[in-house]
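# Residue-level structure breakdown
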Amino acid sequence: MGLSAVTVLGVDRPGVIAAVTGSLADCGANIQDSTMTLLGGHVAMMLLVSGDLDSAELLKRLRAPDLVVTASAIEARRHFCEDGGGLGYVLTVHGPDRPGIISAISAVLAADGGNITGMSTRLTGRLYVLIADVELPKEVDVAALMRRLAAVGASLDSEITFRPVEPDLL
Amino acid sequence: MNERSKQTIRRSSERSERAIRHGTPREVLTAPHPLLSSVAEPVDPTDPVVVAAAADLLATLRHESSTTGLAASQIGLRLRLIAFDTRVHPRGRSSAGELVVANPRLARASHWDHGREGCASIPGLTADVLRATRITVHGHLPGTGEAVTIEADAFEARCIQHQLDHLDGLLFLDRVPGALSLHRRLHSCDA
């Protein structure tokens, strides 16, 4: 059973999700992970799909005139509850909007081997907000990284908070 | 909060209310205004300047009908003053009524839970934020300077903690638990 990464882009309207997932169900494809959001009136969807059909066949079945769809076979790596060797953090940046905020912040994280595992940004009025889930290698000097992030934040006139993710195991 | 505490707050707040009756609504600052990221200064609650500031804060809260709480920094004053009134909020349980508190200090916090909140200074966004749902806060009433203790739960506790964060230059954005916890604002039932 193969795994395919499917992306769907299109103008948002009621029924887009139903159409895509209905086509997948008709193919006997199983949606393992998915995420979806609206950006500027467009729907953006990414799905990890398993099933008997290969990616080319999936693409044929999902083709729709008002949607841009891609499907490609992937070697998915999944690690549930394994010792992944990383530490989870949440990064928050907020300040006046300007070009280059994401690239500046992500470059600081990347220099220490930090991996952004989830991110959302929003612009509301003049305020630009970035929230990112970050995984850091255990050996990273977090205090030094926070100082570097704070310096970059100050150069962007932005406030930055960087804190360990709240444990949600009860 | 027991009935006696409620009556004490009510009597004290009525005396305080007389002292800060004549305020003027001010403009609510919106992020990224730098004052919203600054730490507020402790105040003398009997100082006429502070009493006037408390009056303006209360007048602004009354004027901003969709807001249940405000901190002085939101109206451009770097003073440790907060105002709140959650009496009519649908998620409210405890209610100390309409209150302005000087130098509020969180003494006890327990029963943590995530809940949606927004901010008058951040129009357009809300987030799921972890807050204590039971708190005890000590402070003083502007005007009389009387000490006051507030025991709050549910939404009132969330609202007060949100205002306390403002006094330390923190916005609810600084407490968002993850990338998927930030939302476009869909409703107005927020702190």
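Residues numbered from 1 in each chain as written. Chains lettered and ligands numbered in written order. Predicted model: local features only at pLDDT ≥ 70, side-chain atom pairs only at ≥ 80, totals over all residues. Heavy atoms only, no water.

## Thoughts on the interface of chain B and chain A
Taken together, the 19 residues of chain B in the interface contact 22 residues of chain A. Roughly 1700 Å² of surface becomes buried between chain B and chain A when both sides are summed, with 58% attributable to carbon and sulfur atoms. Considering only the surface of chain B that becomes buried against chain A, B:Pro32, B:Asp174 and B:Ala179 emerge as the three largest contributors, covering 32% of it. Inspection of the chain B/chain A interface yields zero salt bridges. Where chain B packs against chain A, one counts ten residue pairs in polar contact (both at pLDDT 80 or more). Residue assignment for the side of chain B that touches chain A shows that the elements contributing at least two residues are β4 (125-140) and β6 (182-184) of chain B. Each residue belonging to the side of chain B that touches chain A can be placed in one class, and the counts come to twelve nonpolar, four polar and three charged. (Contact = heavy atoms within 4.5 Å. Buried area = accessible area lost by both parts, 1.4 Å probe. Salt bridge = Lys/Arg side-chain N within 4 Å of Asp/Glu carboxyl O. Polar contact = N/O pair within 3.5 Å; in protein donor to acceptor, adjacent residues only side chain to side chain. Helix = DSSP H or I, 4+ residues; strand = E, 2+ residues; numbered from the N terminus. Nonpolar A, V, L, I, M, F, W, Y, C, P; charged D, E, K, R; others polar.)

## Observations regarding a nonpolar patch on the surface
A surface patch of nonpolar side chains, about 230 Å² in accessible area, is lined by A:Ile17, A:Met36 and A:Leu38. Here A:Met36 falls in the partly exposed class, since its relative accessible area comes to 39%. (Patch = residues over 30% accessible without salt bridge, like charges linked within 9 Å, V, L, I, M, F, W, Y side chains within 5 Å. Areas by Shrake-Rupley, 256 points an atom, 1.4 Å probe, with all protein chains shown as cover. Buried < 20%, exposed > 50% of the residue type's maximum accessible area, 1.4 Å probe, protein only.)

## Some details on the domain arrangement of chain A
By domain assignment, chain A separates into domain 1 (1-72) and domain 2 (85-162). The distance between the C-alpha centroids of domain 1 of chain A and domain 2 of chain A comes to 31 Å. (Domains from an automatic or database assignment.)

## Some thoughts on helix α2 (residues 55-62) of chain A
Residue and element names in this part refer to chain A. Of all the residues in α2, the buried ones are Ser55, Leu58 and Leu62. Along the long axis of α2, the arc covered by the buried residues comes to 55°, so they all point the same way. Away from its buried face by more than 90 degrees, α2 exposes Ala56 and Lys60. In this fold, the buried residues of α2 make contact with β1 (2-11), α1 (16-26), β3 (42-51) and β4 (67-73). (Arc of directions from axis to C-beta.)

## Let's talk about α1(A)
All names here are of chain A. Those residues of α1 lying buried are Val16, Val20 and Leu24. Buried residues of α1 fall within an arc of 60° about the axis and therefore sit on the same side. For α1, the exposed residues lying more than 90 degrees away from the buried face are Ala18, Ala25 and Asp26. Next to the buried residues of α1 lie β1, β2 (30-39), β3, α2 and β4. Residue Gly28 follows α1 closely and has a positive phi angle near 75°.

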